[in-house]
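Understanding the architecture of this molecule
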Amino acid sequence: MNLLYPYGTTGGGEYLIHHGIDMAGNPDTRVLAAGDGEVVAAGDDSQVAYGPTTDFYGNLVIVKLDQDYKGQPVYYLYGHLSKVLVEPGQKVKRGETVGFVGKSGIALGYHLHFEVRVGENSYASTRNPLLWMEPLPRRGIVAGRILDAQGKFPPEVLVILEGKERWESWTYRLGQGINSDDELGENFVFGDVEPGEYVLEVKVGPHIYKRRVVVEPGKISFVEIKAID
Ligand SMILES: [Zn+2]
């Protein structure tokens, strides 16, 4: 399974840096509140820029979660909706319909853009949404940190996870609104991986590095690789 346009990447040089993740859908697909909270923005973004420019997310919904994370407020954003069913100030419960999938704003086709912001409701404060979603039943998460020989995060290095399934992604381009989780300090994540034994492979500088990873249902397996030169 190939994550075509993962969080924090340009999808291998194809697009702008992605501040969220995309999910498939069509105009009949309901968009459900991801968690209990209060709607802080709803409608089109033609007047206020919630991203790099106005008319970027099109019809959007932003919800501030009732629950903080380490004393910081947490927001989630849905973009490119065809229809918005909530209003600012409204309380929503997890699972409640807040709108329908669309392709408004800058979108190539029907899909749902999902974004998580920690600390403040800004494009500069995003985190990887995969770490905020429960994995599908009986699936696990693999997150990790790839460091170059100088101890820095190398941007957009191909990461391959091979086992029962084969997954490919890239490391984040940190900065420019892309942030690691405060606790994990990761620069890549795979969500919804079938449990089992895997080998994670990356090429940093001249060398290929491999690590064994065990994926367990409902858990995050963390891998760190430090390049030697
Ligand atoms: Zn997106």
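Residues numbered from 1 in each chain as written. Predicted model: local features only at pLDDT ≥ 70, side-chain atom pairs only at ≥ 80, totals over all residues. Heavy atoms only, no water.

Summarising the metal site, the zinc ion is bound by the protein donors His18 (NE2), Asp22 (OD) and His113 (ND1), whose distances to it range over 2.0 to 2.1 Å. As a motif over one chain, the donors of the zinc ion read H-x3-D-x90-H. The exposure class of His18 is buried, given its relative accessible area of 4%. (Donors = N, O, S within 2.8 Å, 3.2 Å for Na, K, Ca; no water. Buried < 20%, exposed > 50% of the residue type's maximum accessible area, 1.4 Å probe, protein only.)

This part takes up the nonpolar core. Core analysis: the largest hydrophobic core is formed by 29 residues, its most contacted members being Val31, Tyr76, Tyr78, Val92, Val98 and Val189. At the level of secondary structure, the elements contributing two or more residues to this core comprise strand S4 (59–65), strand S5 (74–81), strand S9 (111–118) and strand S11 (140–147). Both of domain 1 (21–127) and domain 2 (140–226) provide at least three residues apiece to this core. Excluding residues that lie within four positions of it along the chain, Tyr76 makes contacts with Ala33, Ala34, Gly35, Val61, Ile62, Val63, Leu65, Val92, Phe114, Glu115 and Val116. Phe190, Leu200, Val213 and Val215 belong to the second largest nonpolar core, which has 19 residues in total. (Core = buried A, V, L, I, M, F, W, Y, C linked by side-chain atoms within 4.5 Å. Helix = DSSP H or I, 4+ residues; strand = E, 2+ residues; numbered from the N terminus. Domains from an automatic or database assignment. Contact = heavy atoms within 4.5 Å.)

Time to look at the pattern of salt bridges. All told, the structure shown has 16 salt bridges when counted by the stated rule. Lys70 serves as the salt-bridge partner of Glu183, at 2.5 Å between the closest nitrogen and oxygen. Within this pair, whereas Glu183 is found in the loop between strand S13 (166–170) and strand S14 (188–193), its partner Lys70 is found in the loop between S4 and S5, the two being separated by 113 residues in sequence. A single network of salt bridges, built from pairs that share partners, joins Arg145, Glu224 and Lys226. (Salt bridge = Lys/Arg side-chain N within 4 Å of Asp/Glu carboxyl O.)

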